[in-house]
Amino acid sequence: MAYDYAPFPYVVPPGLTATEPRHPVAIVGAGPIGLAMAIDLAGHGIKSVVLDDNNVVSVGSRAICWAKRTLEIFDRLGVGDRMLAKGVTWKVGRLFHGSNEVYSFDLLPEDGHKYPAFINLQQYYVEQYLVERTRDFPDHIDLRFLNKVTDHRDHGDHVMLTIETPDGPYTLEAGYYIAAEGAGSPTRNRMKLPFEGQTFEEHFLIVDVELPHSPFSTEDPERWFWFAPPFHPGQSALLHKQPDNIYRIDLQLGPDTDPKTEATEEKVIPRIKAIIGDMAFRLDWMSVYKFRCAKLDRFVHGRVLFVGDSAHVVSPFGARGGNGGIQDVDNLGWKLAAVLNGAPATLLDSYDEERTHGSAENILNSARATNFMTPKSEIETLFRNETLILAGKHPFARKLINSGRLSQPCSLAGMALQSGDHPMVGQSLTDMPMETGWLIERIKGQFTLLTLDDSVWPDLDDIRIVPLPKSDQSAAHYGSKGAFLIRPDDHICAYFNAPDTGALAAALARATGRNQ
Amino acid sequence: MILEDKLGTESDAVYTMLMNVHDGLSLEASHALNARLILILMNEIGDAEKITALLEEARSIPLG
Ligand SMILES: Cc1cc2nc3c(=O)[nH]c(=O)nc-3n(C[C@H](O)[C@H](O)[C@H](O)COP(=O)(O)OP(=O)(O)OC[C@H]3O[C@@H](n4cnc5c(N)ncnc54)[C@H](O)[C@@H]3O)c2cc1C
């Protein structure tokens, strides 16, 4: 069944008739990242106005793979359970070279974690759930559709925005301006910020089709990836399942193709039939892309903050675009809330430090995958073929095959907010079962002390104490002695051998930018 | 960098085996075999730093 793109209502904004009181935060763009940003800030008690030039969710499925860490963040934002219930969790992946299966792997569910390694769910559902979730915060989130931001000026203590609506233009003031306008970011262009990186010459065709039954050998959702399949010589192809019996097909088209003629039913339908055979199908969405990896040098420019695709773009292999953007939100939300509540504004520099690093890591990974998938010379093709041949027998060579490495949270070790050199410091929390529920549900966007042994810590202002239930699983991962200080974004920022309120206070001061 | 000799008295035997393994192959097939061998040997070395140094060393000597 085709998704119903019901338009969201436009409401005449108050600023058209009278000056609006200054908003603490204006978020420009209601894609997944802008929406998640507003919900995260609302969770920290911060009000925002969200402005979007459009009034429907993402047209086409676009981002479909949501990784475990992203789902955990969405859990805190209140949409994780809904995404998990609707999303497809695939178990078996198969890799083909020509017409041979090189190997298959079982992605067994990991015991003891609330969320699987990832799910497939169309971006339009994610945006719909997020829009619906914003309605739970009527006092904190003011979401305005058909409000296009056409200009902004940073006045040092606030930013002035000019906004175009169906009823004409108006202006408003905001303490901070968050650019979440996607890859084409008008804010970035207006500020003439360099956005440099690598553009890949290859074109890719992305198609969604609705099928009456599974094209795989079983009804279970699988993921099939081909290098040089017989139905698409010399190129790569990918097939996986989304909810509502929609299947995503990615086809590499090579550099010398004309995107306009490729994205036509005449060209696309035979390509689909070559993959799925003679089954009847409905074409749901198609698009031809050329991919780019690029980022801003800095994500923080005075009172203008960049998140999501406005700040960085990656090729989709490894699903790091949307997933990376959600980690920007996770990192920025509590810091901006702290700054608006009196913490030094320099705390925002750590957003820049940590997320430019994360985004560079995402770019490195997706560029490597794209390079593996699109060999640029005969020798690169030769090495890739031999890797695929060896992989039929030798596990080491399977690890060299790169059709995308799924997004993992990056380590923040050694950066300004972290204390000490315990090897876990900087890592994001690994989920564990609690007596009831899950560890990731206990952090609730607040500084938390995760205690591993029975030592007694005195009551602490601002910090919740969560004892980790003892189990082989928790001991193997976290050890069984001492305590970890966890940031509101679930990253470990300090370790203590034994109760030490002085050391804890120092680590907390450091993690909140009060003492570096 | 000067690479340490690790083949000792087996140098001649090992070199001969390398020639023999290409016996009867077209140039194209030999290239494929070489690529395969490099991948296998890389895994056997198993040390990214060392591999990087060896790759750089190979590239640093002028090519024809
Ligand atoms: C084919 C494809 C497959 C992908 N697959 C994956 C995947 O599997 N996993 C993954 O994590 N990512 C994936 N991505 C990437 C993902 O779609 C993006 O990273 C994600 O949409 C970025 O979200 P965003 O909110 O930053 O930007 P966008 O989703 O682009 O949203 C920006 C919003 O800002 C609005 N806007 C723009 N200008 C203005 C303005 N001047 N005023 C007001 N509003 C404005 C736009 O209308 C839009 O609503 C894929 C992308 C593509 C193209």
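Everything quoted here is computed from the prediction, not taken from an experiment.

Observations concerning the pairing of strand β1 (residues 23-28) of chain A
All names here are of chain A.
Move 1: By the criterion of burial, β1 is predominantly enclosed, with five of the six residues buried.
Move 2: Pairing of β1 with strand β10 (residues 168-179) involves five bridges; the strand directions are parallel. Bridge assignment links I27 to a residue of β10, and that residue is I178.
Move 3: Bridging between β1 and strand β2 (residues 48-51) involves four bridges; their strand directions are parallel. Paired with A26 across the two strands is V49, which belongs to β2.
Move 4: Of the crossover connections in this fold, the one passing from β1 over helix α1 (residues 32-43) to the parallel β2 is right-handed.

So, the domain arrangement of chain A
Residue and element names in this part refer to chain A.
Move 1: Under the domain assignment used here, chain A contains domain 1 (14-87 + 120-195 + 293-364) and domain 2 (411-516).
Move 2: With centres defined by C-alpha atoms, the gap from domain 1 to domain 2 works out at 28 Å.
Move 3: Taken together, the contacts link 17 residues of domain 1 with 22 residues of domain 2.
Move 4: For the pairing of domain 1 and domain 2, the buried interface totals around 1500 Å² over both sides, and the portion due to carbon and sulfur atoms is 58%.
Move 5: Taken together, domain 1 and domain 2 are joined by two salt bridges.
Move 6: Summed over the shared surface of domain 1 and domain 2, the result is seven residue pairs in polar contact (both at pLDDT 80 or more).
Move 7: Looking at the side of domain 1 that touches domain 2, the elements that each hand over two or more residues are α2 (68-77), α8 (321-340) and α9 (347-373).
Move 8: Taken together, the residues of the side of domain 1 that touches domain 2 break down into four nonpolar, five polar and eight charged.

A word on the packing of α2 of chain A against α8 of chain A
Residues and elements named next belong to chain A.
Move 1: One way to put it is that α2 packs onto α8 with a least axis distance of 9 Å and a crossing angle of 45 degrees. The pairing of α2 with α8 is recorded here as oblique in orientation. Of the two possible hands of crossing, α2 and α8 adopt the one that is left-handed. Taking contact as the criterion, the partners of R69, T70, I73, F74 and R76 in α2 are, on α8, N323, I326, Q327 and D330.
Move 2: Looking at the contact of α2 with α8 residue by residue, the classes come out as three nonpolar, three polar and three charged.

Description of helix α3 (residues 48-60) of chain B
Move 1: Given a rise of 1.5 Å per residue, 13 residues ought to cover 18 Å, and the 18 Å separating the end C-alpha atoms of α3 of chain B matches this to within 8%.
Move 2: Sitting at the amino-terminal end of α3 of chain B is D47 of chain B, which places a side-chain oxygen 3.1 Å from the backbone nitrogen of E49 of chain B.

Quick look at the site of the ligand
Residue and element names in this part refer to chain A.
Move 1: If you check the shell around the ligand, you find 30 residues, and the closest are D52, D53, D309, G322 and N323.
Move 2: Here D53 contributes a side-chain N or O atom positioned 2.5 Å from an oxygen atom of the ligand.
Move 3: Within the backbone of N323, an N or O atom sits 2.8 Å from an oxygen atom of the ligand.
Move 4: Against a free-state accessible area of 1000 Å², the protein chains account for coverage of 89% of the ligand.

Examining the sheet that holds strand β12 (residues 222-227) of chain A
All names here are of chain A.
Move 1: A sheet is described by the order of its strands in space; here eight strands give the open sequence β5-β4-β12-β13-β14-β11-β15-β18, paired in mixed fashion. The open sheet terminates on both sides in strands that have one partner only, identified here as β5 (100-106) and β18 (312-313).
Move 2: Inspection of the sheet shows strand β4 (residues 92-97) paired to β12 by six bridges, in the parallel sense. Bridge pairing links L95 to F225 in β12.
Move 3: Against the sheet, α9 engages β11 (196-210), β12, β13 (236-242), β14 (246-254), β15 (282-295) and β18, with an angle of about 115 degrees to β15.

Scoring rules and cut-offs
- Residues numbered from 1 in each chain as written.
- Chains lettered and ligands numbered in written order.
- Predicted model: local features only at pLDDT ≥ 70, side-chain atom pairs only at ≥ 80, totals over all residues.
- Heavy atoms only, no water.
- Buried < 20%, exposed > 50% of the residue type's maximum accessible area, 1.4 Å probe, protein only.
- Helix = DSSP H or I, 4+ residues; strand = E, 2+ residues; numbered from the N terminus.
- Pairing = 2+ DSSP bridges.
- Right-handed = clockwise from strand over helix to strand, strands pointing away.
- Domains from an automatic or database assignment.
- Contact = heavy atoms within 4.5 Å.
- Buried area = accessible area lost by both parts, 1.4 Å probe.
- Salt bridge = Lys/Arg side-chain N within 4 Å of Asp/Glu carboxyl O.
- Polar contact = N/O pair within 3.5 Å; in protein donor to acceptor, adjacent residues only side chain to side chain.
- Nonpolar A, V, L, I, M, F, W, Y, C, P; charged D, E, K, R; others polar.
- Axes fitted to C-alpha atoms, helices over the stretch in contact; angles between N-to-C directions.
- Parallel < 35°, antiparallel > 145°, perpendicular 65-115°, else oblique.
- Left-handed = near helix turned anticlockwise from the far one by under 90°.
- Expected span 1.5 Å × (residues − 1).
- Near = heavy atom within 4 Å.
- Areas by Shrake-Rupley, 256 points an atom, 1.4 Å probe, with all protein chains shown as cover.

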